[in-house]
Amino acid sequence: MKDVLIIGGGFAGVWTAAGAVRAAREAGAGDDVRVTLVSAGDDLVIRPRLYEDAPDGMRVPLDRVLGPIGVRRVTATVTGIDTGAHTVRALRPTGEELALSYDKLVLATGSQLVRPGFPGAQDVFDVDTLPAAAALDSHLRRLPERKPSPGRYTAVVVGAGFTGLELATALGERLRGIADREGAAEDVRVVLVDLAEVVGPELGAVPRPAILDAIGELKIEQRLGRTVTSATSADVTLSDGEVIPAATVVWTAGMAASPLTAQIPAERDRLGRLAVDEYLQVVGVPDVYAAGDTALATAEAGHATTQSCQHALPMGKFAGHNVAAELFGRALLPFTPDPYVTCLDLGPAGALYTEGWDRRIALTGQEAKSLKQQINAVWIYPPVDDAEQLLDQAGRFSNG
Ligand SMILES: Cc1cc2nc3c(=O)[nH]c(=O)nc-3n(C[C@H](O)[C@H](O)[C@H](O)COP(=O)(O)OP(=O)(O)OC[C@H]3O[C@@H](n4cnc5c(N)ncnc54)[C@H](O)[C@@H]3O)c2cc1C
């Protein structure tokens, strides 16, 4: 019996598990492999939706996805990886320590927001994890209970990248819905802060005019070339000395790969991602693969993968296929994702769908919005309670 051990129950981990089961069965070796997925939580968290209203429901029970295909699931936080001994140490929620061994390991523990350290930063919200997004949601809903004050319905979003833009463009409407209950919808203010001099610095110049149009339409204020230096429950101070009364500050700037990547003796990039080869094997570390936000792979000639669902999901399928293929002497598949696209939600101003690495605009407004809703509410969800569908999708390496 061969052991495939997957760490992480996000998009990459789930599709690695399905891909491994599928490839092992295809090789006639379904009974010769045990696929185990160890994850800190019991759910697949739909992270791309955490900027939306009511984030608590943005999850899918892992057992309903993986149970039907016989994946063994362990709820535990991995604390150590010994690639020499082929073992992993983990801690169950009860405090019980576990030791797990593997023939093939796939590290799919994702990424995490780099939280700021300025005075008052502990009270700043984020939308990186389900508990954090739920805390923000509950804070917003309770704002009417606060004494009227100048910044009660002001939200400052720090970081004008992809997540910051999606959140800032959604927040006005969310806040107005809440403030309206006491006739204070007019008081709503959303301020977007970024150290860069432009919005969406990593999105490039091509989509920027359309993004700026949306920001203008939604009356979102911009404070560019600045950052936050301190915050209290009532206001936030920017690096140029401006004090903005605000009951809500949300940090979205800066992501890093899971710290577990540091336990693999291999090259990592500035985001902490492990360098993997075309088969998603960690370079120089036998029997270890990485997929999703932990991995730095080549997406298309001259372009590295991005920390996105768009890449995490197919990386999982390829990594799962390849671990089983390597174990049972089948051909490994080089990672070849679909051509790069982006779909940015712009709240009531619609959305922006772009194609290519220079992000040429393909759809805007309501057309792009319908696509975004389809992506968020349908495409990124794995089938539940349905082994056949899951394995069928695991074998589709392209959406085309
Ligand atoms: C607000 C927001 C909006 C986004 N929008 C988009 C978008 O529009 N399009 C897009 O493509 N991407 C988007 N992303 C990025 C996308 O969500 C991530 O790239 C994707 O979730 C990565 O998948 P993953 O499986 O690598 O990691 P994750 O989804 O982060 O999953 C990691 C898993 O590992 C587990 N884990 C972590 N550490 C341990 C440990 N020590 N032990 C055990 N388990 C552990 C976690 O519990 C989790 O199950 C967005 C992200 C956020 C936060």
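Here, every reference points to the structure presented above.
Residues numbered from 1 in each chain as written. Predicted model: local features only at pLDDT ≥ 70, side-chain atom pairs only at ≥ 80, totals over all residues. Heavy atoms only, no water.

J.: Would you explain the site of the ligand in this entry?
T.: For the ligand, the set of nearby residues contains 29 residues, the closest of which are Ala12, Arg47, Val78, Asp293 and Cys309. Here an oxygen atom of the ligand and a side-chain polar atom of arginine 47 are 2.7 Å apart. Look at the ligand: alone it shows 1000 Å² of surface, and the protein chains cover 86% of it. Of all the elements in the fold, those that place two or more residues in the shell around the ligand are α1 (11-26), β6 (77-82), α4 (162-179) and α6 (309-327). With 3 residues, α6 is the single largest residue contributor to the shell around the ligand. Both domains that furnish three or more residues to the shell around the ligand are identified here as domain 1 (2-112 + 255-339 + 386-394) and domain 2 (115-251). (Near = heavy atom within 4 Å. Polar contact = N/O pair within 3.5 Å; in protein donor to acceptor, adjacent residues only side chain to side chain. Areas by Shrake-Rupley, 256 points an atom, 1.4 Å probe, with all protein chains shown as cover. Helix = DSSP H or I, 4+ residues; strand = E, 2+ residues; numbered from the N terminus. Domains from an automatic or database assignment.)

J.: In this structure, what is going on with α1? I would like to understand it.
T.: In an α-helix, one turn spans 3.6 residues, which is why side chains three or four residues apart end up on the same side. Here α1 contains 16 residues, and its C-alpha end-to-end distance of 22 Å stays within 8% of the 22 Å for a straight helix at 1.5 Å per residue. At the exit of α1 stands glycine 28, carrying a positive phi of roughly 75°. (Expected span 1.5 Å × (residues − 1).)

J.: Got a minute to help me understand the sheet that holds strand β7 (residues 87-91) in this structure?
T.: Paired through backbone hydrogen bonds, the strands of a sheet run either parallel or antiparallel to each other. Taken together, 3 strands build an open sheet; the order of strands is β6-β7-β8 and the sheet is antiparallel. In this open sheet, the two edge strands, each paired with only one partner strand, are β6 and β8 (97-101). For this sheet, the mean angle separating the axes of adjacent strands, direction not counted, is 25°. (Pairing = 2+ DSSP bridges. Axes fitted to C-alpha atoms, helices over the stretch in contact; angles between N-to-C directions.)

J.: Explanation requested: the packing of α1 against α6 in the structure shown.
T.: A pair of packed helices can be characterised by two numbers: the angle between their axes and the separation between those axes. Direction vectors running N to C along α1 and α6 enclose 30°, while the axes themselves pass 6 Å from each other. Considering their axes alone, α1 and α6 lie roughly parallel with respect to each other. Of the two possible hands of crossing, α1 and α6 adopt the one that is right-handed. Together, Phe11, Ala12, Trp15, Thr16, Gly19, Ala20, Arg22, Ala23 and Ala24 of α1 and Cys309, Ala312, Leu313, Gly316, Lys317, Ala319, Gly320, His321, Val323 and Ala324 of α6 make up the contact between the two elements. Grouping the constituent residues of the contact of α1 with α6 by class yields 12 nonpolar, 5 polar and 2 charged. (Parallel < 35°, antiparallel > 145°, perpendicular 65-115°, else oblique. Left-handed = near helix turned anticlockwise from the far one by under 90°. Contact = heavy atoms within 4.5 Å. Nonpolar A, V, L, I, M, F, W, Y, C, P; charged D, E, K, R; others polar.)

J.: What is the right way to look at the nonpolar core in this model?
T.: The nonpolar side chains of a soluble globular protein tend to be buried with one another. Residues Ile7, Val35, Leu66, Ile81, Leu192 and Leu280 are the most contacted members of the largest nonpolar core, which totals 113 residues. Looking at which element gives the most residues to this core, the answer is α1, with 10 residues. Taken domain by domain, this core gets at least three of its residues from each of domain 1 (2-112 + 255-339 + 386-394) and domain 2 (115-251). Here leucine 66 is in contact with Val14, Ala17, Leu37 and Val71, once residues within four sequence places are set aside. Among the nonpolar cores identified, the runner-up in size contains 16 residues, and Ala121, Ala231, Val249 and Trp251 belong to it. (Core = buried A, V, L, I, M, F, W, Y, C linked by side-chain atoms within 4.5 Å. Buried < 20%, exposed > 50% of the residue type's maximum accessible area, 1.4 Å probe, protein only.)

J.: Explain the pattern of salt bridges to me, please; I cannot follow it from the model alone.
T.: Side chains that carry opposite charge are capable of pairing whenever their charged atoms lie near each other. Applying the stated criterion across every chain yields a total of 28 salt bridges. With its nearest N and O atoms 2.9 Å apart, the salt bridge here joins arginine 34 to aspartate 3. In this pair, arginine 34 is assigned in strand β2 (residues 33-39) and aspartate 3 in strand β1 (residues 2-7), connecting sequence segments 31 residues apart. Owing to a relative accessible area of 12%, aspartate 3 belongs among the buried residues under this scheme. For arginine 47, the salt bridge is made with aspartate 293, and the minimal N-O distance between the two is 3.8 Å. With a gap of 246 residues between them, arginine 47 in the loop between β3 (43-45) and β4 (59-61) and aspartate 293 in the loop between β20 (288-290) and β21 (295-296) connect regions that are remote in the sequence. For arginine 47, a relative accessible area of 27% puts it in the partly exposed group. (Salt bridge = Lys/Arg side-chain N within 4 Å of Asp/Glu carboxyl O.)

J.: What's the story with the packing of aromatic side chains in this structure? I'm lost.
T.: Remark: the centre distance and the inter-plane angle together describe each pair of aromatic rings, the angle taken between the planes. Taken as a whole, this structure holds 4 aromatic pairs when the rule is applied. Note on phenylalanine 318 and phenylalanine 335: the rings are 5.4 Å apart at their centroids and 90° apart in plane angle, and the pair reads as edge-to-face. You can see phenylalanine 318 sitting in helix α6 and its partner phenylalanine 335 sitting in the loop between α6 and β24 (341-345), a full 17 residues away along the chain. Taking relative accessible area as the criterion, phenylalanine 318 reaches 3% and is therefore assigned buried. Pairing tyrosine 340 with tryptophan 357 gives two aromatic rings, centres 3.9 Å apart and planes at 10°, and the pair type is stacked. With a gap of 17 residues between them, tyrosine 340 in the loop between α6 and β24 and tryptophan 357 in the loop between β25 (351-355) and β26 (360-364) connect regions that are remote in the sequence. With relative accessibility at 5%, the residue tyrosine 340 sits in the buried group. An aromatic cluster is built from Phe318, Phe335 and Phe397, whose rings are joined through pairwise contacts. Cation over ring: lysine 317 sits above tryptophan 15, and NZ or CZ is 5.1 Å from the ring centre. (Phe/Tyr/Trp six-rings, centres within 6.5 Å; stacked < 30°, edge-to-face > 60°. Lys NZ or Arg CZ within 6 Å of the ring centre and 35° of its normal.)

J.: Help me out: how do you make sense of the pairing of strand β12 (residues 189-194) in this one?
T.: Across a regular strand the side chains alternate sides, sitting on one face of the sheet and then on the other. For β12, the tally of buried residues reaches 5 of 6 residues, placing the bulk of the element in the interior. Two elements, strand β11 (residues 154-158) and β12, share 5 bridges in a ladder whose sense is parallel. Counterpart to valine 157 in the pairing with β12 is leucine 192. Running through α4, the crossover from β11 to the neighbouring parallel element β12 is right-handed. Summarising the sheet, β12 and strand β13 (residues 221-224) pair through 4 bridges and their orientation is parallel. By the bridge assignment for β13, leucine 192 is matched with glutamine 222. (Right-handed = clockwise from strand over helix to strand, strands pointing away.)

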